[in-house]
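Tertiary structure, described
Now for the letters of each chain:
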Amino acid sequence: MLEYFSASYQRRKRIQRIISLRDGYDAYRPNRISEGENFLFPRYTWLRFFLTVAAVMIVMTPISYILSTFFGSAINVKVKTLIVTALTMVAGFVAVEIVDSFFMRWERVMEEFKRTMLPFFILFGLAFIYIAIKNPDDFTRYFKSWHKEVNQEIQTKSIPIVAMPAQGLNWRMMYDSPYHLKKATFEEATEFCKAFGKDWQLYDGDRTFYASPNAKFDRMFSVWTSRIGGQMGSAGIQAPIVFSSTKPGDILAVLCINKRIHN
């Protein structure tokens with residue numbers, strides 16, 4: 001912190017600020033400025049301002065808290081105001097110097113980056129574009145594999161749901177755990193329903209089927225209905241209004257029914 005008070009540091013900071021303001025003004029000013037028009041302040045000017053205010057708040061918040069907590073009743077209001085004012089001025093000075101020091105170092109780092117690393121990034125970008133154009137399949141294979149893995153991971157997750165009741169006289173659902181529906185392929189769903197016994201089958205979307213008792217679901221989800229997906233909702237088990245196409249390997253929730261069982 002002592003460097004903030006040195007003459008060489010202050011001189012270097014003034015020079016750097018003049019250069020930055022000049023470059024920012026040249027970069028952002030309108031092409032033509034007539035008499036009476038104001039120039040557009042560079043964006044970093046506002047960034048400096050907000051960073052400085054934030055730094056002052058960070059420094060002063062614990063100080064104000066300590067004064068109010070430990071010395072709130074022991075110090076006269078006027079004396080406390082004088083102390084807070086003095087501390088705020090000190091905090092403001094430190095905050096300005098910290099922000100200025102950060103920008104000076106940042107500008108040097110950016111200049112060094114542009115000088116040494118930017119050419120390599122440009123060459124890498126050109127090589128990347130060349131490979132993408134010449135070998136699109138090789139280029140996209142990794143992304144396709146990643147997308148497939150993510151899609152499979154999403155599909156295999158059970159469906160959190162509240163079903164009232166959880167099962168009925170003539171219908172059953174496959175659960176992974178209480179209040180979580182397990183999803184399965186069409187073949188797995190078919191075998192699951194057959195395991196309940198004769199006349200049990202995978203739900204086929206039959207409009208004449210009435211669940212006994214009908215269920216209430218707290219969310220929408222899709223179940224297998226003869227190799228396609230049928231949407232269930234809060235209205236319970238009824239002929240789906242919305243269907244979705246499926247492909248081999250897809251997994252959906254499983255609803256088994258028995259049309260021979262009635263109330």
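Here we summarise the structure given alongside this text. (Residues numbered from 1 in each chain as written. Predicted model: local features only at pLDDT ≥ 70, side-chain atom pairs only at ≥ 80, totals over all residues. Heavy atoms only, no water.)

Pairing in this open sheet of 3 strands is antiparallel, and the strands run 1-5-4 from one edge to the other. This sheet does not close on itself; its edge strands, each paired only once, are strand 1 (159-160) and strand 4 (175-177). Note that strand 1 and strand 5 (residues 180-181) share 2 bridges and pair antiparallel. In the sheet register, P160 faces strand 5, and the bridge partner there is H180. (Pairing = 2+ DSSP bridges. Helix = DSSP H or I, 4+ residues; strand = E, 2+ residues; numbered from the N terminus.)

The strand order 3-13-7 describes an open sheet built from 3 strands, whose pairing is antiparallel. Of all the strands in the sheet, the pair left with one neighbour each is strand 3 (171-173) and strand 7 (200-202). On average, adjacent strands in this sheet sit at an angle of 30° to one another, irrespective of strand direction. Of the pairings in the sheet, the one linking strand 3 to strand 13 (residues 255-258) comprises 3 bridges and is antiparallel in character. Looking at the pairing, M173 lines up with L255 of strand 13. Each of strand 3, strand 7 and strand 13 is contacted by helix 6 (residues 186-194), which is oriented at about 165° to strand 7, the strand it contacts most. (Axes fitted to C-alpha atoms, helices over the stretch in contact; angles between N-to-C directions. Contact = heavy atoms within 4.5 Å.)

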